[in-house]
Amino acid sequence: MIQIEIDEGSGFCFGVTTAIKKAEEELAQGRPLYCLGDIVHNGMECDRLREMGLITINHDEMRELHDVKVLLRAHGEPPETYELARRNNIEIIDATCPVVLQLQKRIKKQYDESRSEECGAWSENSPQIVIFGKKGHAEVLGLVGQTESKAIVIENFDEVTRLDFSRDIYLYSQTTKSLDEFHRIIDYIQSHIAPDATFKSFDTICRSVANRMPNISQFATKHDLILFVCGRKSSNGKVLFNECLRVNPNTHLVEDPQEIQKEWLEGIQTVGICGATSTPRWLMEQCSEAIQNL
């Protein structure tokens, strides 16, 4: 009989848990609630909340709304979203993750200070505010918005060469990026920055996410087969899945139990089930039940 273990360290992070709890509390009152973007990058969980009455909208749709409640998910939003809500008399249910919120404030403070040094104007000689993150990701859009879109986004180590090393550089990171790659970028900038230019880096990676990397790596080595349960939109999920795959080539990514294939289980004695910070515990348990049924 196949032994199945669900990773205790997998599942919703604090920010996602808080956002979903706020949504459930509002929906329990029986009034319409809109959510700006998918509340979590997991289709199954989004479907569950949709059945409870949560209406997912985009920014264009929000512009047409007035006198309603809109929930902002854990990723955070740029200042323009709050201004739109004020104009349209929209009540914001703010579920921005505290870690992300603190990062937004730090970047805005740096931008305001840099702009004041330049007499209120932003020029080609102004310090570079650099964000290590995924272009177009909701969190990154919120961070760039703190700088009136002046921040430079680099997605990976290879893009660090785009920076102007003769100018000051202030480096931040999306909260869910790789800690190792972030340190590689820091080392490169330190070795290339001009003697008269300032370089400061701020480790803004969420430890509750970063610590999952070594933990999930150790978990993946313990089993014959790894099922990584995750929505394919999840940026954090891709990173963790690739780490599982690196240490255990017999790793498969599934969004729901129906994707599990019986032939994967042939000759297998132990199965480990794990997931991203956007993966609900109940979904991993459903996958465990599906394996038992197979």
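Our structure is the block above this text.
The rules behind each value
Residue numbering note: each chain is counted from 1, following its sequence as written. For a predicted model such as this one, the threshold for reporting local features is a pLDDT of at least 70, and the threshold for listing and counting side-chain atom pairs is 80 or more; totals across whole chains, interfaces and linings nevertheless cover every residue. Hydrogen atoms and water are omitted, and side-chain values are computed over all heavy atoms in the structure. Within this scheme, the nonpolar core is defined by two criteria: the residues are buried Ala, Val, Leu, Ile, Met, Phe, Trp, Tyr or Cys, and they are joined through side-chain atoms within 4.5 Å. For every residue, the accessible area obtained with a 1.4 Å probe (protein chains only) is divided by the maximum for its type, and the residue is called buried under 20%, exposed over 50%, and partly exposed between those limits. Under the scheme used here, helices are H or I runs from DSSP no shorter than 4 residues and strands are E runs no shorter than 2 residues, and both carry numbers assigned from the N terminus. Only heavy atoms matter for contacts: two residues are in contact if any of them lie within 4.5 Å across the pair. In this analysis, the expected span of each helix is defined as 1.5 Å times one less than the number of residues it contains. Think of the arc as the fan of directions from the helix axis to the C-beta atoms. Any pair of nitrogen or oxygen atoms within 3.5 Å is treated as a polar contact; in protein, a donor-acceptor pairing is required on top of that, and neighbouring residues in sequence qualify only through side-chain atoms on both sides. Positive charges come from Lys and Arg alone, negative charges from Asp and Glu alone, with His and the N- and C-terminal ends not counted. By definition, a salt bridge exists where a carboxyl oxygen of Asp or Glu is found within 4 Å of a side-chain nitrogen of Lys or Arg.

### Examining the nonpolar core
Here's step 1: Leu163, Ile169, Leu171, Ile185, Ile189 and Phe199 are the most contacted members of the largest nonpolar core, which totals 19 residues.
Here's step 2: When residues of this core are traced back to their parent elements, those giving at least two are strand E6 (128-132), strand E8 (169-173) and helix H7 (179-192).
Here's step 3: In terms of residue count, the dominant contributor to this core is H7 (4 residues).
Here's step 4: Leave out the neighbours within four places in its chain, and Ile185 touches Phe132, Ile154, Asn156, Phe157, Val160 and Leu171.

### Some points on H7
Here's step 1: Its 14 residues give H7 an end-to-end C-alpha distance of 20 Å, which sits within 8% of 20 Å, the value for a rise of 1.5 Å per residue.
Here's step 2: Restricting attention to buried positions, one finds in H7 the residues Phe182, Ile185, Ile186 and Ile189. Around the axis of H7, the buried residues are gathered within 100 degrees of arc, so they sit on the same side. In H7, the exposed positions angled more than 90 degrees off the buried face are occupied by Asp180 and Ser191.
Here's step 3: Each element contacted by the buried residues of H7 is listed here: E6, strand E7 (152-154), E8 and strand E9 (199-201).
Here's step 4: N-cap assignment for H7: the residue whose side-chain oxygen lies 3.4 Å from the backbone N of Asp180 is Ser178.

### A word on the side chain of Lys177
Here's step 1: Position of Lys177 relative to the elements: it lies in the loop between E8 and H7.
Here's step 2: For the buried residue Lys177, which engages in no salt bridge, the nearest side chain bearing the opposite charge is Glu181, 5.2 Å off.

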